[in-house]
Amino acid sequence: MNEFLVAALYMFTPLDDFEAIRSPLKAYCEERDVRGSLLLAGEGINGTICGPEAGVREVLAHLRSDPRLAGLNHKEAWTHRHVFKRMKVRLKQEIVRLAVDGIDPNEIVGEYVKPEDWNALISDPDVVVIDTRNDYEFAFGTFERALNPKTQSFREFPAWVDREDELQKKPKVAMFCTGGIRCEKATAWMLKNGFEEVYHLEGGILNYLEKVPEADSLWKGECFVFDDRVSVDHQLQPRWGEWIPEEARHIINEDTDYEKSARAEADDEEGEQQIVRAVS
């Protein structure tokens, strides 16, 4: 029986007092047996939480009680147990680390595309489709026609764009990622750097898998997630590491110190949700 709710969330919004939010938010989650990883920065909030349904919904309502987060969206999935060991709320310079000054999705962002309209867009031969995730995530699954930047961290994305010839040949760019945050920030960077027609999948892969029937889907494979589930299938059901592609075994294997890997991934690279562990 699936008794635990998983909620992936993010929102770009100015949070000047983000440091003061940390401790009260962590305590609020722990009191409700809600665990996970939330990142706070001056540009907003990002993360994934898991717990009993009532507790997770109380945390979401608590976040939205802040007028700056009233429009916070989240994606849901269900599981029979916790997918995180503890609750972490961390302070960051960016809620997803691109490490480029002057990129603010609160000021400029590409055009959102709803999941129901995504297939038509990425089937257009004049559109370049870009997977903004890392290479090990791409290995689990991706959309048809998607380019793989073969990055190890999101910070490598601008350099890849600069050297990718395919982007100079076609006028339209469509990007996607797990929950929408990386491609949203990537669209802001691309618009700042001369690309004029830039689109991104609203709510990311998770929203697409929820909204688009598998029979109509252009998604192939599984979607990697940064928690114990390892990946989810098209019904958003956890896979628990039953299949791990070779390209991901440097991140996920039985000998990995997952707590250490999670800290390194969040602190030094993506600033995203944690990889807690992947294989029992």
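Residues numbered from 1 in each chain as written. Predicted model: local features only at pLDDT ≥ 70, side-chain atom pairs only at ≥ 80, totals over all residues. Heavy atoms only, no water.

Peer 1: Lay out the overall build of the protein chain in plain terms, naming residues and giving numbers.
Peer 2: Within the protein chain, the secondary structure is distributed over eight helices and 14 strands. Taking 2.2 N^0.38 as the reference for a compact globule, 280 residues should give roughly 19 Å; the C-alpha atoms of the protein chain span a radius of gyration of 18 Å, in line with that estimate. A principal-axis box enclosing the C-alpha atoms of the protein chain has dimensions of 55 × 40 × 35 Å. Residue burial in the protein chain is summarised as follows: out of 280 residues, 56% are buried. (Helix = DSSP H or I, 4+ residues; strand = E, 2+ residues; numbered from the N terminus. Rg over C-alpha atoms; globule rule 2.2 N^0.38 Å. Buried < 20%, exposed > 50% of the residue type's maximum accessible area, 1.4 Å probe, protein only.)

Peer 1: Describe the sheet that holds strand β4 (residues 73–79), listing the residues and the values that go with them.
Peer 2: Spatially, five strands are ordered β4-β1-β3-β2-β5 in an open sheet, and the strand pairing comes out mixed. A single partner strand is all that each edge strand has here, and the edge strands are β4 and β5 (87–91). On average, adjacent strands in this sheet sit at an angle of 15° to one another, irrespective of strand direction. In this structure, strand β1 (residues 4–12) lies alongside strand β3 (residues 44–52), joined through nine bridges in antiparallel fashion. When the sheet's bridge partners are listed, phenylalanine 4 is paired in β3 with proline 52. (Pairing = 2+ DSSP bridges. Axes fitted to C-alpha atoms, helices over the stretch in contact; angles between N-to-C directions.)

Peer 1: Go over unusual backbone geometry with me, naming the residues and quoting the values.
Peer 2: In the Ramachandran plot, lysine 150 falls in the positive-phi region, its phi being about 60° despite a non-glycine side chain. Inspection of the secondary structure assignment puts lysine 150 in the loop between β9 (146–147) and α5 (157–163). Not every positive phi belongs to a glycine, and valine 230 is a case in point at roughly 70°. With respect to the secondary-structure elements, valine 230 resides in the loop between β13 (223–224) and β14 (231–232).

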